[in-house]
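Here's the letter readout for the chains.
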Amino acid sequence: MPDEVTFENVRAASQDGAEDAWLVYSDRTLMALLVPAETGWFLQFSLGRSDQEGLIFPTLAAAEIWARARVDVVI
């Protein structure tokens, strides 16, 4: 059975105060933080064996595809 990937809208500290951001979970295990970018969503960090940063996703749907592809590696 595939793991459930979910997003939680949060506020993240930034140079200008705070901004909307998304925590990404796989079966309630934190795996990434996405923050706004000019062209979509910036992967601030990810956790686990697929530790990455600096990717930009044009949409949250694209970020979800990325997350689902890495679930087996992260958990």
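Residues numbered from 1 in each chain as written. Predicted model: local features only at pLDDT ≥ 70, side-chain atom pairs only at ≥ 80, totals over all residues. Heavy atoms only, no water.

Asks: Just checking my understanding: could you explain the environment of Glu38 for this structure?
Replies: Along the polypeptide, Glu38 turns up in the loop between β3 (29-37) and β4 (40-46). Distance from Glu38 to Pro58, taken between C-alpha atoms, is 9.4 Å for residues 20 residues apart in sequence. (Helix = DSSP H or I, 4+ residues; strand = E, 2+ residues; numbered from the N terminus.)

Asks: What's the story with unusual backbone geometry in this structure? I'm lost.
Replies: For residues that are not glycine, phi is negative in most cases, and the peptide bond is trans in most cases. One non-glycine residue, Asp27, lies in the positive phi region at around 45°. Topologically, Asp27 is positioned in the loop between β2 (17-26) and β3. Residue Asp27 is classed as partly exposed on the basis of its relative accessible area of 40%. Despite not being glycine, Arg28 shows a phi value in the positive range, around 70°. Note that Arg28 resides in the loop between β2 and β3. (Buried < 20%, exposed > 50% of the residue type's maximum accessible area, 1.4 Å probe, protein only.)

Asks: Would you mind going over the sheet that holds β4 with me for this structure?
Replies: Adjacent strands of a sheet form backbone hydrogen bonds with each other and so pair up, either parallel or antiparallel. The strand order β1-β2-β3-β4-β5 describes an open sheet built from 5 strands, whose pairing is antiparallel. Two strands in the sheet have a free side with no partner beyond their single neighbour: β1 (5-14) and β5 (56-57). Relative to β5, β4 is paired through 2 bridges, and the arrangement is antiparallel. Paired with Phe42 across the bridge in β5 is Ile56. (Pairing = 2+ DSSP bridges.)

Asks: Just checking my understanding: could you explain the pattern of salt bridges for this structure?
Replies: Where side chains of opposite charge bring their charged atoms close, a pairing between them can arise. With the rule as written, the count across this model stands at 2 salt bridges. With a closest N to O distance of 3.2 Å, Arg11 and Asp20 form a salt bridge. The exposure class of Arg11 is exposed, given its relative accessible area of 54%. Take Asp20: its relative accessible area is 39%, and that puts it in the partly exposed class. One salt bridge connects Glu64 with Arg68, and the closest N-O pair in it is separated by 2.8 Å. Residue Glu64 and its partner Arg68 are both found in helix α1 (residues 60-74); the two are separated by 4 residues, about one turn of the helix. (Salt bridge = Lys/Arg side-chain N within 4 Å of Asp/Glu carboxyl O.)

Asks: Sorry if this is basic, but what is going on with the confidence of the model for the protein here?
Replies: Note: predicted coordinates in regions of low pLDDT should not be interpreted at a detailed level. Per-residue pLDDT for the protein averages 87, and the proportion of residues at 70 or more is 89%. No element of the protein has a lower mean pLDDT than α1, at 83, and none a higher one than β5, at 96. (pLDDT = per-residue confidence, 0-100.)

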